[in-house]
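A look at the structure
Take a look at the letters that make up each chain.
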Amino acid sequence: MAYRRLPALTVTLTLIAALTPAAAQAGSSHGPNAVVAWNLNAQNEIYEVARQSPATAARSFAMVQGAVYDAVNAVSGVRYEPYLIAPKVRHGASADAAVAAAASRVLLALFPDQAATVRAQYDAALAAIPDGRAERDGVAVGERAADAMIAARVGDGAFDPDSYDISTAPGQWRPTPPTNVQDGAWFADLKPFVLPDPAMFRTVGPPALTSAAYARDLNEVKAIGGVNSTVRTLDQTQSAIWWHDRRLTEWAMKRQLAETRHLSTLQTARMFAMVDIVNADALIACYNEKKYWNFWRPVTAVQEADLDGNPATVADPTWMPLLVTPPFPDYTSGHTCSFSAIALTWQRFFGRDDIAMSAYSADSGTTRSFTSFSSALAEVVEARIWGGVHFRTADVRGVQIGDGTARYVLAREFRPRH
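The paragraphs below set out a description of the structure included in this document. (Residues numbered from 1 in each chain as written. Predicted model: local features only at pLDDT ≥ 70, side-chain atom pairs only at ≥ 80, totals over all residues. Heavy atoms only, no water.)

Focus on the overall build of the chain
Within the chain, the secondary structure is distributed over 13 helices and 2 strands. Against the 2.2 N^0.38 benchmark of 22 Å for 418 residues, the chain shows a C-alpha radius of gyration of 22 Å, consistent with a compact globule. Its C-alpha atoms put the chain at 75 × 40 × 40 Å along the principal axes. When contacts within the chain are restricted to residue pairs at least 6 apart in sequence, long-range pairs at least 24 apart make up 80% of them. Approximately 16100 Å² of the chain is accessible, and the part contributed by carbon and sulfur atoms is 54%. Averaged over its 38 positive side-chain charges, the chain has a centre that lies 5 Å from the centre of its 41 negative ones. (Helix = DSSP H or I, 4+ residues; strand = E, 2+ residues; numbered from the N terminus. Rg over C-alpha atoms; globule rule 2.2 N^0.38 Å. Contact = heavy atoms within 4.5 Å. Areas by Shrake-Rupley, 256 points an atom, 1.4 Å probe, with all protein chains shown as cover. Lys, Arg positive; Asp, Glu negative; His and termini not counted. Charge placed at Lys NZ, Arg CZ, Asp CG, Glu CD.)

Quick word on the pairing of strand β2 (residues 366-370)
Covered by surrounding structure in β2 are Thr-366, Arg-368 and Phe-370 only, the residues Thr-367 and Ser-369 on the alternate face being uncovered. By the bridge criterion, 5 bridges tie strand β1 (residues 357-361) to β2 in an arrangement that is antiparallel. Residue pairing for β2: Tyr-360 is matched across the bridge by Thr-367. (Buried < 20%, exposed > 50% of the residue type's maximum accessible area, 1.4 Å probe, protein only. Pairing = 2+ DSSP bridges.)

Some details on the environment of Val-106
Positionally, Val-106 belongs in helix α3 (residues 95-110). According to the relative accessible area criterion, Val-106 is buried, its value standing at 0%. A sequence separation of 42 residues divides Val-106 from Ala-148, and the C-alpha atoms of the two residues are 9.8 Å apart. Those residues in contact with Val-106, other than ones at most four positions away along the chain, are Met-63, Val-64, Ala-67, Ala-146 and Ile-150.

Here we look at the pattern of salt bridges
All chains considered together, the criterion is met by 20 salt bridges. With its nearest N and O atoms 2.9 Å apart, the salt bridge here joins Asp-156 to Arg-59. In this pair, Asp-156 is assigned in the loop between α5 (133-152) and α6 (212-224) and Arg-59 in helix α2 (residues 54-75), connecting sequence segments 97 residues apart. On the basis of relative accessibility, which here comes to 5%, the residue Asp-156 falls in the buried class. (Salt bridge = Lys/Arg side-chain N within 4 Å of Asp/Glu carboxyl O.)

What about unusual backbone geometry?
Going from Pro-177 to Pro-178, the amide bond is cis rather than trans, its omega being 5°. Mapped onto the elements of the fold, Pro-178 is located in the loop between α5 and α6. Geometrically, the link from Tyr-331 to Thr-332 is a cis peptide bond, its omega value of 5° lying close to zero. Mapped onto the elements, Thr-332 comes out in the loop between α10 (298-303) and α11 (334-350). One non-glycine residue, His-262, lies in the positive phi region at around 55°. Considering the arrangement of structural elements, one finds His-262 in the loop between α8 (249-260) and α9 (265-293).

What to know about the nonpolar core
If you look at the biggest cluster of nonpolar residues, it comprises 124 residues, and the most contacted ones within it are Val-68, Phe-193, Met-271, Phe-339, Trp-346 and Phe-350. A total of 16 residues in this core trace back to one element, the largest contributor, which is α9. Discounting residues that sit within four places of it in the chain, Phe-193 has contacts with Arg-59, Ala-62, Met-63, Tyr-83, Met-149, Arg-153, Ile-277, Ala-280 and Asp-281. (Core = buried A, V, L, I, M, F, W, Y, C linked by side-chain atoms within 4.5 Å.)

What to know about the side chain of Gln-43
Relative to the helices and strands, Gln-43 is located in helix α1 (residues 34-49). For Gln-43, a relative accessible area of 8% puts it in the buried group. Apart from residues no more than four positions distant in its own chain, Gln-43 is found in contact with Glu-48, Phe-61, Arg-247, Trp-251 and Arg-255.

Some words on the pairing of β1
In regular strands, side chains alternate between the two faces of the sheet. For β1, the buried fraction is high: 4 of the 5 residues fall into the buried class. The turn joining β1 and β2, which pair antiparallel and follow one another in sequence, is formed by 4 residues; a positive phi near 70° is taken by Gly-365.

Here's the deal with helix α7 (residues 234-244)
Where α7 is concerned, the buried positions are Gln-236, Thr-237, Ser-239, Ala-240, Trp-242, Trp-243 and His-244. Elements in contact with the buried residues of α7: α6, α8, α11, β1, β2 and α12 (373-386).

What to know about the state of the cysteines
Counted according to the given criterion, the structure contains 0 disulfides. For Cys-286, which is in no disulfide, the shortest distance to another cysteine sulfur is to Cys-337 and amounts to 3.3 Å. (Disulfide = S-S within 2.5 Å.)

These results come straight from atomic positions and should not be treated as a statement about function.
Structure below.
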């Protein structure tokens, strides 16, 4: 796939030994990986039942995995800098009990109406652990890590009443068909997990409506992103749908990497926390950008191109995208903000880019496979255009925000203590 228009995707890997899990550190655990099991439980509560949006789910996953990391890190002797706390714990505490206690306690706080499910999951997890001091100590440290996370997110702005600036002016966002609703404006002002300011990666903004760059963006998405496009291939169509699946394929790839790379409980907890906290902050920065620039989506831009003042664009009032447009502004792309942050985190964690991964999407009915993190990132940039929901500039600038966020967070968090 060509990169000529995506210079921001060129990644120079700095192989920092301190961030690379050596074979001894990443050895497989005996039995099922508790971190992976509880991540599946969390997906059930967060998405399968609560049906949280990708951005809202990012906050929930970050809270769960951040608490799990602090708990397992403490049980393992605090080999890495804690995210929030490193509770004191006696040697021999059960890491699996710590994972169960941390994850379940955060999930109970997030979803009290799912208490019966969460408690059943917790009881089943503890039933597999021998009764005794090790189990009790693991539970205690997990509960303390969870309590610290829950307290840290009190008053963070989640679900505060807020809205985007709906406007009929050319270039400005308004709700899009067929849903004609808005969602997630509060996420733009959510307290980040690490970033000091969600606006710290502010970009120069989308191209001017009268510019040649804007005309190129519009005409590209108009041609290849329409529901009735004659130039989009079947594989491009499947890719657009695959990446748009609300049951994010990134979740499955993260678990697959833990299992295929034989990560220990500690390394899995650390990798998951790194990915989910970096992802949450990248999306907060992205939504802050969306709210600031309030740029219209392709469906509005194509249908109303006669109002943009650009002679190189032509309106098509009947044009509709392949995918249902998400209910918030275009610029920048949340999905490229998110996945670029995740990809760089994986590159830093594993110390390499060329690791294969794949996932199945029920929406597309297909499995897509990648030979590297960067190849997956390159595809999602294109897929949002193939789906007709983003302009190319929104995708490329999203990559820049995600990359900047990941670099900032990883330079400050999750590092080895010695």
